[in-house]
Amino acid sequence: MATSSIKEVAQLARVSVGTVSNVLNRPEIVSPATRERVFKAIRELGFVRNEVARHLRVGRSRTVGLVVLDVANPFFADVAHGAEALADEHDTMVVLCNSIADPRRERRHLDQLEQQRVMGILITPVDAGSPRLAELAARGTPVVLVDSAATGLQCSVAVDDRLGGHLAGSHLIERGHRRITYVGGPPSIKQVADRHAGIMNAVAEAGDGVELVSHVLPALSVAGGRAAGERVAGLPPKRRPTAAFCANDLIALGFLQAMAARGLRVPHDMAIVGYDDIDFAAAAAVPLSSVRQPRELLGRTAIDLLLEEVTAPEQHRHRQVIFQPDLVVRESSALRRRD
């Protein structure tokens, strides 16, 4: 069905096209009676404003792109919620894109967002050093890295993941564990690499009495955690680790499922610590200990930095905001081990 034009709205309301434009964009300068006639015509004709055309005229939309590694991960849903809440206060819309940690898919999203002339882009990148991000900024599309530290070329908001990994490792060691497994995703993801480095530092500080065995998964998922848990549970008891640090809570939930399926008790036979502290961590069959990130605050801060750059580009200076993680101890690791 053909859509009505702004010219038809003007004819029906008996006003000029310019008046209709003012009603849509600057209603405060149009008299109430005229505004009502225009809105009545819009309702009768079913007119829908062409936002794409308007953005082309003004040069910038009121839309922000948010590109994340895995939209199925509740961590990113919470980040998006925080970003959207602040964006809404500034009459701005957030469009969520899922890269599934695939560089080619990420690039397609960035290309499409740039073509739509978005106000700016928030991104948890597959590679924070990708030249594509610098290209966007050079062509006038501000970029803010989320959950990933920048080198100064963009603003960024992140969490000290090395500290987070160290907190998890130190906690398990303090609880008496001497054989610990780390279960994480691809080391090409910097957050994952930093969490691994953090627990390795904790183990190194503990001395020769602590052993760390690492399992690298293709994805940060429940299924991956379950598969890793089955492998660990299948080890002979004397070789089996007594504790696991998982690079995110989805992995930890899968690992917990595998322990239950194999008849191993958590935390008596296997202590588990996750990362992110998503809502499902506290609601698990055995409430999970987890390294907490300020998820919604990451999103709000990223939007704040982007709006600051957009509204005052000449005064703006790129900032790298680093938040500190906290360890939330729950039943899955609360038991002190005595061998």
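Above this note sits the structure.
What you see is a predicted model, and the numbers here were worked out from it, not measured in a lab.

Parameters at a glance
- The written sequence of each chain sets the order in which its residues are numbered from 1.
- Reporting of local features is limited, given that this is a predicted model, to residues whose pLDDT is at least 70; pairs of side-chain atoms are given and counted only at 80 or more, and all residues count toward the totals for whole chains, interfaces and linings.
- Derived side-chain values reflect all non-hydrogen atoms in the structure, with water molecules and hydrogen atoms excluded from consideration.
- Only DSSP runs of H or I with at least four residues qualify as helices, and only runs of E with at least two residues qualify as strands; both kinds are numbered from the N terminus onward.
- Note on method: radius of gyration uses C-alpha positions; expected globular size equals 2.2 Å times residues raised to 0.38.
- Type-normalised accessible area, obtained with a 1.4 Å probe on protein chains alone, sets the label of each residue: buried when under 20%, exposed when over 50%, and partly exposed for intermediate values.
- Surface exposure here means Shrake-Rupley accessible area, sampled with a 1.4 Å probe, where a residue is shielded only by the protein chains that are shown.
- Counted as positive: Lys and Arg. Counted as negative: Asp and Glu. His and the chain ends are not counted at all.
- The atoms used to mark charge sites are NZ of Lys, CZ of Arg, CG of Asp and CD of Glu.
- A side-chain nitrogen of Lys or Arg and a carboxyl oxygen of Asp or Glu constitute a salt bridge if their distance falls within 4 Å.

*Asks:* I tried to follow the overall build of the protein on my own but got confused; where do I start?
*Replies:* Along its length, the protein carries 13 helices and twelve strands. Radius of gyration (C-alpha) of the protein: 25 Å, far over the 20 Å computed for a compact globule of 339 residues. Projected onto its principal axes, the C-alpha positions of the protein cover 90 × 40 × 30 Å. A buried classification covers 49% of the 339 residues belonging to the protein. Accessible area of the protein: about 16,300 Å², with a carbon and sulfur share of 53%. One finds the centroid of the 41 positive side-chain charges in the protein at a distance of 3 Å from the centroid of its 39 negative side-chain charges.

*Asks:* What is the right way to read the pattern of salt bridges from this model?
*Replies:* In this structure the tally under the stated criterion is 19 salt bridges. Measuring nitrogen to oxygen at the nearest pair gives 2.6 Å for the salt bridge that ties Asp 78 to Arg 295. Linking Asp 78 in helix α5 (residues 74–89) with Arg 295 in helix α13 (residues 295–311), this pair joins segments that are 217 residues apart in sequence. The shortest N-O distance in the salt bridge between Arg 175 and Glu 174 comes to 2.5 Å. For Arg 175, a relative accessible area of 15% gives the class buried.

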